[in-house]
Amino acid sequence: MPNPWTGIGNPYTKQEVVDRLKATRAKGEPIIAAGAGTGISAKFIEKGGADLIIIYNSGRFRMMGHGSTCGLMAYGDANAIAMEIGEYEVLPVVKEIPVVCGVHATDPRRRMWHWLGKVKEMGFSGVNNFPTHTIVDGHFRGVLEETGMSVEKEFEMVGLATRMDLFSIVYVATPEEAIKMAKNGADAIIAHVGTTVGGSIGVTNAVVSWDHTVKVTQEIIDAAKSVNPNVFTLTHGGPINTPKDVEYILSKTTADGFVGASSLERMGVEESLTSLTREFKKVPFGR
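Below: a short report on this structure. The shown structure was predicted, so the numbers you read here are calculated from the model rather than taken from an experiment.

The rules behind each value
Residues take numbers from 1 onward in each chain, read along the sequence in its written order. Residues qualify for local features only when their pLDDT is at least 70, as the model is predicted, and side-chain atom pairs are given and counted only at 80 or more; totals for whole chains, interfaces and linings, by contrast, use all residues. Water and hydrogen atoms play no part in the side-chain values, which are based on all heavy atoms of the structure. Pairing of aromatic rings covers Phe, Tyr and the six-membered ring of Trp, with a centre-to-centre limit of 6.5 Å; geometry is then stacked below 30 degrees between planes, edge-to-face above 60, and tilted otherwise. Only runs of H or I of at least four residues qualify as helices and only runs of E of at least two qualify as strands under DSSP, and these elements are numbered from the N terminus. Residue burial is assigned from relative accessible area. The probe radius is 1.4 Å, only protein chains are included, and a residue is buried under 20% of its type maximum, exposed over 50%, and partly exposed in between. Note on geometry: axes are lines fitted to C-alpha atoms, helical ones only across the stretch in contact, with angles between N-to-C directions running from 0 to 180 degrees. Between 65 and 115 degrees an angle is taken as roughly perpendicular, under 35 as roughly parallel, over 145 as roughly antiparallel, and anywhere else as oblique. Here a crossing is called left-handed whenever its near helix is offset anticlockwise from the far helix by less than a right angle, and right-handed whenever the offset is clockwise. Any two residues whose heavy atoms approach within 4.5 Å at even a single point are treated as in contact. Residues are sorted three ways: Asp, Glu, Lys and Arg are charged, Ala, Val, Leu, Ile, Met, Phe, Trp, Tyr, Cys and Pro are nonpolar, and all the rest, Gly among them, are polar. Cysteine sulfur atoms that come within 2.5 Å of each other are treated as a disulfide pair. By definition, two strands form a pair when at least two bridges between them are found by DSSP. Looking down the strands as they point away from you, a crossover is right-handed if its path from the first strand over the helix to the second goes clockwise. Think of it as the arc spanned by the lines of direction from the helix axis to the C-beta atoms. What counts as a salt bridge is simple: a side-chain nitrogen of Lys or Arg found within 4 Å of a carboxyl oxygen of Asp or Glu.

**Notes on the packing of aromatic side chains**
Reasoning step 1: Under the definition given, this model contains five aromatic pairs.
Reasoning step 2: Measuring from centroid to centroid gives 6.2 Å for Phe61 and Tyr75, while their planes differ by 75°, and the two rings are edge-to-face. Of this pair, Phe61 sits in helix α3 (residues 57-64) while Tyr75 sits in the loop between α3 and α4 (78-90); the two residues are 14 residues apart in sequence, bridging distant segments of the chain.
Reasoning step 3: With a relative accessible area of 8%, Phe61 lands in the buried category.
Reasoning step 4: Tyr75 sits in the exposed class, given a relative accessible area of 51%.

Dropping the structure here:
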């Protein structure tokens, strides 16, 4: 059922969100989840027909004109930023589709059960693990793992969310992480293959190939499905940027859909504002 007080919209139960996504799949449509960093983005993403809106701190930095990787840096309280965007910008304007809150599960200052209670009370219908340490690698990843900020905290957060009847849609970078997320009850698993290419602040050198993207995406999907054949699987990042790119990756893998953040919100603003401003500048002025 929708919101018991208003009759429409958030919050939805975990099963209600799952049922909505199953209905999208049954219609032969891809599941499209979109990151939103502002209320105006969320409002028109909903109007465009997205299935889910995900709010996390990178959205704010992205819409400030900075790279999404800012969300992984010490530039603010990630959990507080996501909550603020939801409370004051997105939840007041989104009428009907589920809104998911990005949760920085490895923040040692938070009692995660307590924070998830606040997320649920605010009216979010689910959680997403962002900022996520799954996309951190190398020596620094090892330091995080050994000093109490392990990815294991993200798995535990998803387990808590499952017990609290919150839908979960989660980023992973490896098949092993997909298995652990699925075992903790994740409803949807996103194969994150790297920072999105393109636009004014997308990566240009730190990129992965299409062959790598297809291979890793399918490996993650297969791993997740080995635990839960009914889990939703989605693609994100790397060279997957345009609708044509999404069409390609969905044709090469068994993914159910796509999560667009930079590729949907930021690219839409960059292209449309540039074109519209140029049109205004072309207005004849003969005085």
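Next, the rest of the story.
**Some details on the environment of Cys101**
Reasoning step 1: Following the sequence through the fold, Cys101 ends up in strand β3 (residues 99-102).
Reasoning step 2: Overall, the relative accessible area of 0% leaves Cys101 in the buried class.
Reasoning step 3: Expressed as a C-alpha distance, the spacing of Cys101 and Glu29, which sit 72 residues apart in the sequence, is 24 Å.

**Some words on the packing of helix α7 (residues 152-163) against helix α8 (residues 175-183)**
Reasoning step 1: Relative to each other, α7 and α8 sit at 30°, their axes nearing to 8 Å. Regarding the angle of α7 to α8, the classification is roughly parallel. In this structure, α7 meets α8 at a crossing whose hand is right-handed. Between α7 and α8, the residues in contact are Glu152, Glu154, Phe155 and Val158 and Glu177, Lys180 and Met181, respectively.
Reasoning step 2: A per-class count over the contact of α7 with α8 returns three nonpolar, no polar and four charged.

**Description of the state of the cysteines**
Reasoning step 1: Per the stated rule, a full pass over the model turns up zero disulfides.
Reasoning step 2: For Cys70, which is in no disulfide, the shortest distance to another cysteine sulfur is to Cys101 and amounts to 19 Å.

**With respect to the sheet that holds strand β7 (residues 232-236)**
Reasoning step 1: Reading around the barrel, the eight strands line up as β1-β2-β3-β4-β5-β6-β7-β8 and close back on themselves, with parallel pairing between neighbours. If you compare each strand with its neighbour and ignore which way they point, the axes differ by 25° on average.
Reasoning step 2: Note that strand β5 (residues 167-172) and strand β6 (residues 188-192) share four bridges and pair parallel. Within the sheet, the bridge partner assigned to Val170 lies in β6 and is Ile189.
Reasoning step 3: The sheet strands contacting α4 are β2 (52-55) and β3, and the helix crosses β2 at an angle near 130°.

**Looking at the pairing of β3**
Reasoning step 1: What you see with β3 is no split at all: Val99 and Cys101 on one side and Val100 and Gly102 on the other are buried throughout.
Reasoning step 2: Examined bridge by bridge, β2 and β3 share three bridges and lie parallel to one another. By the bridge assignment, Ile54 is partnered in β3 with Val100.
Reasoning step 3: Where β3 and strand β4 (residues 126-128) come together, three bridges link them in parallel fashion. Of the residues in β4, the one forming a bridge with Gly102 is Asn128.
Reasoning step 4: The parallel pair β3 and β4, bridged by helix α5 (residues 112-122), forms a crossover whose chirality is right-handed.

**Quick word on helix α10 (residues 243-252)**
Reasoning step 1: All buried positions along α10 are accounted for by Asp245, Val246 and Ile249. For α10, the arc enclosing every buried residue in end-on projection is 100°, short of the 170-degree limit, so these residues lie on one face. Residues of α10 that are exposed and point more than 90 degrees away from the buried face comprise Pro243, Lys244, Glu247 and Ser251.
Reasoning step 2: Contacts from the buried residues of α10 go to α9 (210-227), β7 and β8 (257-260).

**Some remarks on the pairing of β2**
Reasoning step 1: Burial along β2 is two-sided: Leu52 and Ile54 facing one way and Ile53 and Ile55 facing the other are all buried.
Reasoning step 2: For strand β1 (residues 31-35) and β2, the ladder comprises three bridges, and the chain directions are parallel. Across the sheet, the residue bridging to Gly35 is Ile54, located in β2.
Reasoning step 3: Handedness of the crossover is the feature at issue here: the chain leaves β1, passes through helix α2 (residues 39-47), returns alongside β2, and the resulting connection is right-handed.

**Concerning the pattern of salt bridges**
Reasoning step 1: Here the structure, examined in full by the defined rule, presents 13 salt bridges.
Reasoning step 2: With a closest N to O distance of 2.7 Å, Asp187 and Lys14 form a salt bridge. Separated by 173 residues along the polypeptide, Asp187 in the loop between α8 and β6 and Lys14 in helix α1 (residues 14-26) bring together distant segments of the chain. Residues Asp187 and Lys14 agree in their burial class; the two are buried.

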